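Residue strings, one per chain:
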Amino acid sequence: MLPNRSQEATLEEWLVTLRKHRNYAFRERTVGFESNNKHNDGSIVYAYGSHCELESRIEYGSCCPLTCPVVKHGVIPHQLKLATKQTKVKDKLTKEIIAVKTDWDSASGIQMKVTTQLRKSLNNFAAIDSDVLQRNIIKLDKAFSNFFDNGKGYPQFIKRLDSFEYKPGRVLLRDIRKNYASAYLPGIGDVKFHNSRDLSIIQDLRTCTIKREGGNWYISMLVDLTGSLPDIKPLEQCKSIVGIDVGIHKLVALSDGSFIENKHPTTNIRTARRLSMRQRAISRKRKGSKNKIKAIKKLAKQNHKLAQYRNGYSWQAASIIVKTADVVAREDLRIKNMIKRAKPKSDGKGGYKHNGASRKTGLNRVIADAGWGEIFNKIAWLALKAGKPVVEVSAKYSSLECPKCGHIDKKSREGEKYLCVACQYTEHADTKASRITAKRVGLVFPSKELTLPTDCGKVTLSRYQSIVIETENHAFEVNSPTVGYLRDKAETLKESSSL
Ligand SMILES: [Zn+2]
């Protein structure tokens, strides 16, 4: 996005106000909860009689002070009428209003109403589009429901806010040219931006997010496109499969024997040194000084550049993988668990043994730098667009199991080499792991190549007929008449030549 100077200043002001607004709303809910909890010495007055326990995340009754104004010290505005909401009860048949029900409003409902009032008295609130402010509260609500329903962490105060949202239908696209377009953002004005996609096909513009990243501004639009995604091909109709194995030395090994290199965007020696230099430069500067802010901006810019590089590279990698075959098989990796800190090892005397923590930290950095999760996400999206299924299989022993005989032995693997101790099958260890991944999906394909028995001597095949056996599920049996015919012919040829 290319805002002009005054627009950029407005955007930056908005982000500051929105951050304060969000933190205020968050504090109001938390204090409301805390002041009614066991830490409070004063008398506790429950307006509705329910409360919840923060540790066990149990909501007693149907109300919780973090989301509902059930307690007196919770989100209760100065005017009590703001704390209630009226719902119109309609008759099911005639659709006429038969009654008006008065109920306690939710915390977000009240905070939205208070925000609307604040816009009348405070200039910095009035400057911001009202929908953007309300969206801010909805986002906080989401953070709380993530905590209660999805097991996420308790929301935190935020030190820095870098994005805000517009409701669907608020942003208008104007003046779409070949390289750039301009969008009307309510409260900001017309802002030019480089368009990376064909915008003329957009019919319905949904939520728009404005984002600040590495000193640049971005607009991302959620759109409804005409035409839907293709149906995912059922596994029985797929004719080829590619297994992938992600690693550090080689970023991705494909089961067809090819590799995608790992470029180590941030952990290669040059970049890592530059990053640590920039980090040191920040820590040398005086706190709160202009030079410190400058140094921080420099680092942010560098990090942003690297992130963009990694993003582009993983799109390329994902595209290569999805184009290779009809089905993509990948390991079910818990990347988050993999980059956990090393567990402390007790030596039994109150001290700690060496647990390889610093080594693990370095490894964690390399794993995060490779961006496996990003590649997986991109594969999922590209495969969805192409109508190809992606299958996740268990990653257990995938680096040790032999794809030929199924033997599992630690001795088979030595670094990058794999040599099965049972059947002498040998392959690059990563390629082998990708083949195991592909094999675990359980698809069997007819082999297209026709091979003659090895003992057929001088005989050369006179007529090669490629055979494609079309069975419904490809769980095939190669006993088609053609094969038998060719084999018979080879036999007779052999006989005649030996005569
Ligand atoms: Zn083997």
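The rules behind each value
Residues numbered from 1 in each chain as written. Predicted model: local features only at pLDDT ≥ 70, side-chain atom pairs only at ≥ 80, totals over all residues. Heavy atoms only, no water. Helix = DSSP H or I, 4+ residues; strand = E, 2+ residues; numbered from the N terminus. Buried < 20%, exposed > 50% of the residue type's maximum accessible area, 1.4 Å probe, protein only. Contact = heavy atoms within 4.5 Å. Axes fitted to C-alpha atoms, helices over the stretch in contact; angles between N-to-C directions. Parallel < 35°, antiparallel > 145°, perpendicular 65-115°, else oblique. Left-handed = near helix turned anticlockwise from the far one by under 90°. Nonpolar A, V, L, I, M, F, W, Y, C, P; charged D, E, K, R; others polar. Pairing = 2+ DSSP bridges. pLDDT = per-residue confidence, 0-100. Donors = N, O, S within 2.8 Å, 3.2 Å for Na, K, Ca; no water. Tetrahedral: all angles 85-135°; square planar, octahedral: opposite > 155°, others 65-115°. Expected span 1.5 Å × (residues − 1).

Regarding its fold elements, the protein chain presents eleven helices and 20 strands. A buried classification covers 36% of the 499 residues belonging to the protein chain. Restricting the contact set of the protein chain to residue pairs at least 6 apart, pairs at least 24 apart contribute 60%.

Here we take up the packing of helix H5 (residues 269-284) against helix H6 (residues 290-324). Remark: H5 packs on H6, axes separated minimally by 8 Å, with the N-to-C direction vectors making an angle of 160 degrees. The angle between H5 and H6 places the two elements in the roughly antiparallel class. As for the relative orientation of H5 and H6, their crossing is left-handed in sense. Taken together, the residues of H6 that come into contact with H5 (itself represented by Thr-271, Arg-274, Leu-275, Arg-278, Gln-279 and Ile-282) are Lys-292, Ala-295, Ile-296, Lys-298, Leu-299, Gln-302, Asn-303 and Leu-306. Class assignment for the residues of the contact of H5 with H6 results in six nonpolar, four polar and four charged.

Another point: the sheet that holds strand E10 (residues 216-224). Pairing is antiparallel in the open sheet, where three strands are placed in the order E5-E9-E10. The strands lining the two open edges of the sheet, one partner per strand, are strand E5 (163-166) and E10. This sheet shows a mean twist of 15 degrees between the axes of neighbouring strands, independent of strand direction. Of the strand pairs in this sheet, strand E9 (residues 204-213) and E10 are connected by eight bridges, and their pairing is antiparallel. In the sheet register, Asp-204 faces E10, and the bridge partner there is Asp-224. Contacting E5 and E9, helix H4 (residues 130-149) runs over the sheet at an angle of about 110 degrees to E5.

With that settled, consider unusual backbone geometry. In this model, Tyr-397 sits at a positive phi of 55 degrees, which is unusual for a non-glycine residue. Within the fold, Tyr-397 resides in the loop between strand E17 (390-393) and strand E18 (413-414). Overall, Tyr-397 belongs to the partly exposed group, its relative accessible area being 45%. Residue Gln-424 is not a glycine yet carries a positive backbone phi of 65 degrees. For Gln-424, the position within the fold is in the loop between strand E19 (417-419) and strand E20 (426-428). Residue classification places Gln-424 among the exposed positions, given a relative accessible area of 53%.

As a further point, take the confidence of the model for the protein chain. Reading predicted coordinates in detail is not appropriate for stretches of low pLDDT. Of all residues in the protein chain, 78% attain a pLDDT of 70 or more, and the chain-wide mean is 77. Confidence over residues 42-54 falls short of pLDDT 50; this stretch has 40 contacts with residues more than four positions distant or in other chains. Across residues 452-487, confidence stays below pLDDT 50; counting only partners more than four residues off in sequence or on other chains, it has 40 contacts.

Another aspect to go through is the coordination of the zinc ion. Taken together, the protein ligands of the zinc ion are Cys-402 (SG), Cys-405 (SG), Cys-420 (SG) and Cys-423 (SG), with distances of 2.2 to 2.3 Å. Geometry at the zinc ion is tetrahedral, judged from the four donor atoms that bind it and their angles of 108 to 111 degrees at the metal. Every donor residue of the zinc ion comes from the same chain, spaced as C-x2-C-x14-C-x2-C. Of this pair, Cys-402 sits in the loop between E17 and E18 while Cys-420 sits in the loop between E19 and E20, placing them 18 residues apart in sequence. Each member of the pair Cys-402 and Cys-420 is classed as buried.

Turning our eyes to something else, we now look at H4. For H4, built from 20 residues, the straight-helix expectation of 28 Å at 1.5 Å per residue is met to within 8% by its first-to-last C-alpha distance of 28 Å. For H4, the full list of buried residues reads Asp-131, Val-132, Leu-133, Arg-135, Asn-136, Ile-137, Leu-140, Phe-144, Phe-147 and Phe-148. Backbone geometry just downstream of H4 places Gly-151 in the positive-phi region, at approximately 70 degrees.

Turning our attention to the sheet that holds E18. The strand order across the open sheet formed by three strands is E18-E19-E20, and the pairing between neighbours is antiparallel. This sheet does not close on itself; its edge strands, each paired only once, are E18 and E20. Across three bridges, the pairing between E19 and E20 is antiparallel. Bridge assignment links Leu-419 to a residue of E20, and that residue is Thr-426. With respect to the sheet, helix H10 (residues 429-440) is in contact with E18, E19 and E20, its orientation differing from that of E20 by roughly 100 degrees.

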